[in-house]
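# Observations on the three-dimensional arrangement
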Amino acid sequence: MPLLEVIGMSHYFGGLRAVSNYNLSLESGQIAGLIGPNGAGKTTIFNLITGIYQPAEGEVRLNGTNVVGKRTNQIAALGIGRTFQEMRLWRHMTVLEHVKMARYSKLSYGLFGAFLDSPQRRKEEKKSTELAMEYMELFGVDQYADQLVVNLPYGAQRRVEMARALAMEPKVLLLDEPTVGMTPEEMVDMIMVVRKAHERFNLAIFLIEHRLRVVSELCQNVQTLVFGEVLVEGTPNEVQNHPKVIEAYIGDQEIDF
Amino acid sequence: MAETTELQQPKGVRGLIHRFYGGAPLLGILLGFLACTFWENIIGEALASVLLLPKMPILFGLVTMSKVFAGLFNLAIKGSPFELFTLIHVPMALIYFGVVYAVPLAIVVRLTVRPANAVARSLQQLPLIVTALVHLGFLYAIFHVWVELSDYRLITLKLTLIAVLLTLSLNIINGYMGEFSCSHPGFMAVGAYMSSFFTVGLFVNDKVLGEALLGIPLAFLSFPLALIFGGLCASLSALIVAIPSFRTRGDYLAIISLAFLFIVKSFFENMQSLGGARGIMGQPDWASLPVIFIVVVIGVWAINNFVNSTLGKALNAVRDDEMAADAMTVDTRKTKMVAFLFGAFWAGMAGGLLAHVLRFINPAMFGIQKLAEVLAMVYFGGLNSVYGSIVGAVSISLLGEVLRPLEILKWIFIPLLLILVMIYRPTGLVAFKEFNVRKSFGPKEVD
């Protein structure tokens, strides 16, 4: 049984069919990629999987159970972590607070524990801080622990976002254009970061990318999405040489190879 | 390294104050104030008559000075008679302030730097609760001695403490969670009415609520219960605002919460069984200074605990980016609900205290003007900050009292000040500053 399975998912924005009959099967430990020109519906698929939008048809199964209809935070707590294309960090919060926040669902001290500063709260908060520091160390952002995240350089912000997504201990990690806006050096760095996370936590990773180099270095399997439909599916090599893919991209998107 | 420390040293008057008091721990400063209050009890009356002041200055001589300005203003506008002699009150009030507060404070703080630091250092070895209790004990002692001289001081201090609690409870919603809620006076009204209903209904013979149901001695011990009852009722009423807050944000929520405020007000105006527009009076005189002090301290402590926990930081996450908060497992619905109910609870408690300080409430007290006052305190002091709320509540309360002799002009000065703060510090004086309790009680390095 695949870890994450999407079956026949469709979604409409008004009369516009944004995603139609989309299928995905992701095994534990597998890295898959999703490419496609702008506006093809890639981020919409992420939003459908994570419950931000409700799919009109179809199922999203995590470990065999359907999660459609659950709220975003519940789906996240079940083990689907994600990052955002535009990062979506909290501008008034420090790096440490970001990473600790991802452990929200793991805390059990309750509201009255929070109001009254109970011993259980102190214990759990301390443990949470220690764990958060470990994640920050892993991604090399521990030296920024008490800094506001908006004061960090771009690459470091991206790594904070990775640390935050992994601190919630997901089984599946969805990465929405992790290298967008990066220089080639930062991109290589990011590939290393994703690999590290994959090896360390044995995650299933599903990533959206425009840069084919990232996709071909990381993914075993790639889907090409055009106008909400999967056009071609296969290994990175097969996909990027496929005439239909080249046709979909040419004139619209430069292939960075 | 040496360069950075030099850069951080503030210049000018602030730098002077910083250099002078920077080495003193909080304990030393509290000790200095305590000495001042005792000193005023001894020499205040005599000094005031020597300085030709009509009576002893009550609020650090500020009211005395503002009375002179009010006289000048009335002369200019209405041509009311003005005795030139009263001009002398301005320098005299300044001298009074210097002799009674500024100089003794400076001397005591300076002299006790070493011992106070030593005590602060040894206090730091003890659990935080002990250190906190020692400091709060000192603070209460200052209040206690300070209000001995006049009832006006007592009532001003009581109302200021209540304002601190109210401001902080609104800051949870407007600052930490970043919504704009206008319903706070409504929660306060519910708390005030319900706790009065409890105390007056049970223990007082009253025209509106009838004979006392229970006539037991030591009834004042039930006062905490009355306050908590008021707070819980306020929380319950907050559900009405919390539920639409899941669907609307920003302006829409502001309108809904404003509507709630009007509903509450007209509800109490039309409830003849609760006194209608005339309200309830004759609340037992249970809200003494120590009671208010303890309730406010507990309130500040609980709110500070909450906003520093991960569950409380979730408010910030919801404010800064709700979608990201959701995707990081934060239960945003629960978070918003808690912010409203918890904020309303403490507003209700503050309302209960207010009812028993004034010993009289009516629906008109909890209208738009109250809303403007508490919003001013929150936005003046600073969003997202426990410090800020205390600063805002104390400064706006004091300013209101100080400018009272200026009558109508008061409502030009305070809004003008608010406008200036909004221009130069859009989020308030000390916004986004954390209240590090352990650090603020600790010793300071002497240079």
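Because the structure is a prediction, the values reported are computed rather than measured. (Residues numbered from 1 in each chain as written. Chains lettered and ligands numbered in written order. Predicted model: local features only at pLDDT ≥ 70, side-chain atom pairs only at ≥ 80, totals over all residues.)

### Points about the domain arrangement of chain A
All names here are of chain A. Stated precisely, the cut-off is as follows: For the purposes of this description, domain bounds are those given by an automatic or database domain assignment. Each residue gets a C-beta atom placed from its backbone, and two residues are in contact if those atoms lie within 7 Å. Secondary structure counts use DSSP, requiring at least four H or I residues in a row for a helix and at least two E residues in a row for a strand, with both numbered from the N terminus. For this classification, the nonpolar set comprises Ala, Val, Leu, Ile, Met, Phe, Trp, Tyr, Cys and Pro, the charged set comprises Asp, Glu, Lys and Arg, and every other residue, Gly included, is treated as polar.
In terms of domain boundaries, chain A breaks down into domain 1 (1–79 + 170–257) and domain 2 (89–168). Taken over C-alpha atoms, the centre of domain 1 sits 27 Å from the centre of domain 2. Taken together, the 13 residues of domain 1 in the interface contact 10 residues of domain 2. With six residues, the single largest contributor to the side of domain 1 that touches domain 2 is helix H7 (residues 184–201). Across the side of domain 1 that touches domain 2, the residue classes tally to 10 nonpolar, one polar and two charged.

### Focus on the packing of helix H10 (residues 223–245) of chain B against helix H15 (residues 332–358) of chain B
All names here are of chain B. Keep this limit in mind: Geometry is summarised by axes, namely lines fitted to C-alpha atoms with helices restricted to the contacting stretch, and by angles between N-to-C directions that run from 0 to 180 degrees. If you view the pair so one helix is near and one far, a crossing is left-handed when the near helix is turned anticlockwise from the far one by less than a right angle, and right-handed when it is turned clockwise.
Direction vectors running N to C along H10 and H15 enclose 145 degrees, while the axes themselves pass 7 Å from each other. Between H10 and H15 lies a crossing of right-handed hand. Partitioned by chemical class, the residues of the contact of H10 with H15 number 17 nonpolar, eight polar and one charged.

### Quick word on the interface of chain B and chain A
Opposite the 25 residues of chain B that make contact, chain A presents 30 residues. Within the residue set of the side of chain B that touches chain A, elements represented by two or more residues are helix H12 (289–308), helix H13 (310–320), helix H14 (322–327) and H15 of chain B. A breakdown of the residues in the side of chain B that touches chain A according to their chemical character gives 12 nonpolar, eight polar and five charged.

### Digging into the environment of B:Leu166
Residue and element names in this part refer to chain B. Stated precisely, the cut-off is as follows: Three exposure classes are used. Buried residues have 20 or more other C-beta atoms within 10 Å of their own C-beta, exposed residues have 12 or fewer, and partly exposed residues fall in between, all C-beta atoms being placed from the backbone.
With respect to the helices and strands, the residue Leu166 is situated in helix H8 (residues 151–176). Residue classification places Leu166 among the buried residues on the basis of 32 C-beta atoms within 10 Å. Note: C-alpha distance between Leu166 and Val374 (208 residues apart in sequence) is 7.3 Å. Apart from residues no more than four positions distant in its own chain, Leu166 is found in contact with Met188, Ala347, Ala350 and Val374.

### Some remarks on the nonpolar core
The tendency in soluble globular proteins is for nonpolar side chains to be buried side by side. The following threshold applies: Any set of buried Ala, Val, Leu, Ile, Met, Phe, Trp, Tyr and Cys residues joined through C-beta atoms within 7 Å is what this text calls a nonpolar core.
A:Ala163, A:Val172, B:Ile162, B:Leu165, B:Met328, B:Ala350 and B:Leu353 are the most contacted members of the largest nonpolar core, which has 167 residues in total. In this view, B:Leu353 contacts B:Ile162, B:Leu227, B:Ala287, B:Ile292 and B:Val295; residues no more than four positions away in its chain are not counted. B:Leu30, B:Leu31, B:Ala48 and B:Met65 belong to the second largest nonpolar core, which has 17 residues in total.

### A look at the domain arrangement of chain B
Often, the extent of an interface is quoted as the loss of accessible area upon association of its parts. All names here are of chain B. As far as domains go, chain B holds domain 1 (2–144) and domain 2 (151–439). Each of domain 1 and domain 2 was reduced to a C-alpha centroid, and the two centroids are 29 Å apart. Across the contact, 15 residues belong to domain 1 and 15 residues belong to domain 2. Top contributing element to the side of domain 1 that touches domain 2 by residue count: helix H4 (residues 62–78), with seven residues. The residue inventory of the side of domain 1 that touches domain 2, partitioned by class, reads 12 nonpolar, two polar and one charged.

### What about helix H5 (residues 119–138) of chain A?
All names here are of chain A. In plain terms, the rule: Helix span is expected to be 1.5 Å times the residue number reduced by one. Think of the arc as the fan of directions from the helix axis to the C-beta atoms.
Compared with an ideal rise of 1.5 Å per residue, which puts 20 residues at 28 Å, H5 spans 29 Å between its outermost C-alpha atoms and is within 8% of the ideal. Regarding H5, the residues found buried are Arg121, Glu125, Ser128, Ala132, Tyr135 and Met136. Looking down the long axis of H5, one finds its buried residues gathered within 95 degrees of arc, a one-sided arrangement. Turned more than 90 degrees away from the buried face of H5, the exposed residues are Pro119, Lys123, Lys126 and Glu130. A positive phi of about 65 degrees marks Gly140, the residue just after H5.

### So, helix H5 (residues 89–111) of chain B
Residues and elements named next belong to chain B. Keep this limit in mind: Two axes enter the bend calculation: one fitted to the seven residues ending at the residue in question, the other to the seven starting there, and the bend is the angle between them.
Here H5 contains 23 residues, and its C-alpha end-to-end distance of 32 Å stays within 8% of the 33 Å for a straight helix at 1.5 Å per residue. At Gly98, H5 is deflected by roughly 45 degrees, the largest bend along its length. Residues His89, Met92, Ala93, Tyr96, Val100, Val108 and Val109 constitute the buried set of H5. The elements touched by buried residues of H5 are helix H2 (12–21), helix H3 (26–50), H4 and helix H6 (113–125).

### Describing the sheet that holds strand E5 (residues 65–66) of chain A
All names here are of chain A. The following threshold applies: In this description, strands pair whenever DSSP reports at least two bridges between them.
With antiparallel pairing, four strands are arranged side by side in an open sheet as E2-E1-E4-E5. Each end of this open sheet is capped by a strand with a single partner; those strands are strand E2 (16–26) and E5. The pairing of strand E1 (residues 4–13) with strand E4 (residues 57–62) spans five bridges and is antiparallel. Bridged to Val6 within E4 is Val60. Across the sheet, helix H1 (residues 42–49) touches E1, E2 and E4, and the angle it forms with E2 is around 65 degrees.

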